[in-house]
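# Survey of secondary and tertiary structure
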Amino acid sequence: MNTVVLGMQWGDEGKGKAIDYLAGSFDVVTRFQGGHNAGHTVYYQGQKVVLHVLPSGIFYPDCLAVIANGVVVQPLQLVEEIQNARSLGLSMQNLILGENAPLILPFHQQLDVVFEDSRYQRIGTTRRGIGPAYEDVVGRRALFVKDLLQEKAFRSKIAILADYYRRLFKAHGHPVDDIDQAIDQYLQAGIFLKPYIANAAHLLRRAYVEKKNILFEGAQGTLLDINLGTYPFVTSSNTTIAGVFSGTGLSPKAVDKVIGISKAYTTRVGEGPFPTELKDECGSMLRERGNEYGSTTGRPRRVGWLDLVALKYAVQVNGVDSLFITKLDVLDESAEIQVATSYESADGRGDDFFSHADALSRVRPVYQVLPGWRKNLGAIRRLGDLPRQVRSYLSFIENFTGVGVSHVSLGGEREQTIEIDR
Ligand code: IMP
């Protein structure tokens, strides 16, 4: 069954663990959007591994791990990530890198930093050059992975683009970093990456026609989607179901099931409205218990209660079939748990989510209070063994969003997952 796994919140929902849990039963695992702004934490042979661009399929030698054309690739970072994976004993012979994936170039990262530090834009990005790289795609001037394999053409294309950026930086009063050395490094990376480079769209289409099981691995979360998220405090790709099709070249018919990943509470990194944010002791407690520090940037994450208005929106825009609720154990010590079930604004009370930041920043969440369970869930392996209050919490989420919970995660390890048969 071809399955899409998507984040329902502002990223960091625990997709790494969920995808790793599911990946073993698939023939193909593909990343289809985003870049090394993502950080999917998995445990491999007892070791913590953070994947940034590599699909989780790399841990399974019989599974094809495809970086599809919708992903933006920083070749030097990817080389490093492959080398790290090899040092874990993985052969990496199952990796495919899409030849038409756009490149993140040195001036993209520089522009991301310049804009973040300027008065024009402060999004709280990961400063990895993701936005500017996608801007070049939309601006029809991007360079692609396959360009790394044609030295002469690559040198001349990047020289033209560098000239464009030189003028842009000059207008902002910034010198552009010297990229001569970087060009050589990129070409070297191209030589290293060559064995992995292939036509990912053809391969994926063939896999679909041959009825292989494909897992589509989403990065970031629905509320960071460029079109449907809390604009402008979003990332620059479609993190929702739409990204699957533009990123892989497969049609909606190739998707059998959509699993939405949501924490049992909410976190956000970077700027932007967050109606259920907790700035008090309770928030600090959840941050510490949940180890809510960015896996890519190390930044402390903002923390708050579960926002069911936002979750229902994410379920609906993605056509989610079931929910995978993560980090339930982080709530173990809370005497009571709050969930937002509607928003209050100048226009009254309602349960419609506002995706644009201005409107969302004016709402006040209305909470329902549910009892906590005050019990350590980490060792529980069966649904029936979960305290009654936990099962009521899950039922409350199901009733509100209209979809069932198919998995709950109670800790970082693969075994700390309960699959709910229906
Ligand atoms: P960018 O993707 O680096 O351009 O950052 C844009 C926004 O998305 C910022 O608020 C980032 O913190 C956020 N963001 C990007 N990637 C992730 C992620 O993997 N997890 C959580 N937030 C992310």
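Moving on, we get to the domain arrangement of the protein chain. Where interface size is given, it is often the accessible area lost as the parts come together that is meant. Taken as a whole, the protein chain is organised into domain 1 (3–101 + 196–258), domain 2 (106–192) and domain 3 (263–419). A C-alpha centroid distance of 37 Å is found between domain 2 and domain 3. Tallying the contact residues gives six residues for domain 2 and five residues for domain 3. Both faces combined, the contact of domain 2 with domain 3 buries some 420 Å², and carbon together with sulfur accounts for 44% of it. At the boundary of domain 2 and domain 3, one finds one salt bridge. In this structure, Glu 271 engages Arg 122 in a salt bridge whose closest nitrogen and oxygen atoms are separated by 3.9 Å.

What follows covers the site of the ligand. The environment of the ligand is made up of 16 residues, and the closest members are Asp 12, Asn 37, Thr 126, Thr 235 and Arg 299. Taking Asn 37, its side chain carries an N or O atom lying 2.9 Å from an oxygen atom of the ligand. Take Gln 220: an N or O atom from its side chain is 3.3 Å from a nitrogen atom of the ligand. The residue inventory of the shell around the ligand, partitioned by class, reads six nonpolar, eight polar and two charged.

One pass over the full model with this rule turns up nine aromatic pairs. Taken together, a centroid distance of 5.2 Å and an interplanar angle of 85° make the contact between Tyr 164 and Tyr 165 edge-to-face. Residue class for Tyr 164 comes out partly exposed when judged on its relative accessible area of 34%. Exposure remark for Tyr 165: the relative accessible area of 2% places this residue in the buried category. Seen in terms of ring centroids, Trp 373 and Tyr 393 are 6.1 Å apart; in terms of plane orientation they differ by 55°. Their pairing is tilted. Residue Trp 373 is found in the loop between strand S16 (364–371) and helix H12 (388–401), and its partner Tyr 393 is found in helix H12; the two are separated by 20 residues along the sequence. Residues Trp 373 and Tyr 393 agree in their burial class; the two are buried.

Parameters and conventions
Residues numbered from 1 in each chain as written. Predicted model: local features only at pLDDT ≥ 70, side-chain atom pairs only at ≥ 80, totals over all residues. Heavy atoms only, no water. Domains from an automatic or database assignment. Contact = heavy atoms within 4.5 Å. Buried area = accessible area lost by both parts, 1.4 Å probe. Salt bridge = Lys/Arg side-chain N within 4 Å of Asp/Glu carboxyl O. Near = heavy atom within 4 Å. Polar contact = N/O pair within 3.5 Å; in protein donor to acceptor, adjacent residues only side chain to side chain. Nonpolar A, V, L, I, M, F, W, Y, C, P; charged D, E, K, R; others polar. Phe/Tyr/Trp six-rings, centres within 6.5 Å; stacked < 30°, edge-to-face > 60°. Buried < 20%, exposed > 50% of the residue type's maximum accessible area, 1.4 Å probe, protein only. Helix = DSSP H or I, 4+ residues; strand = E, 2+ residues; numbered from the N terminus.

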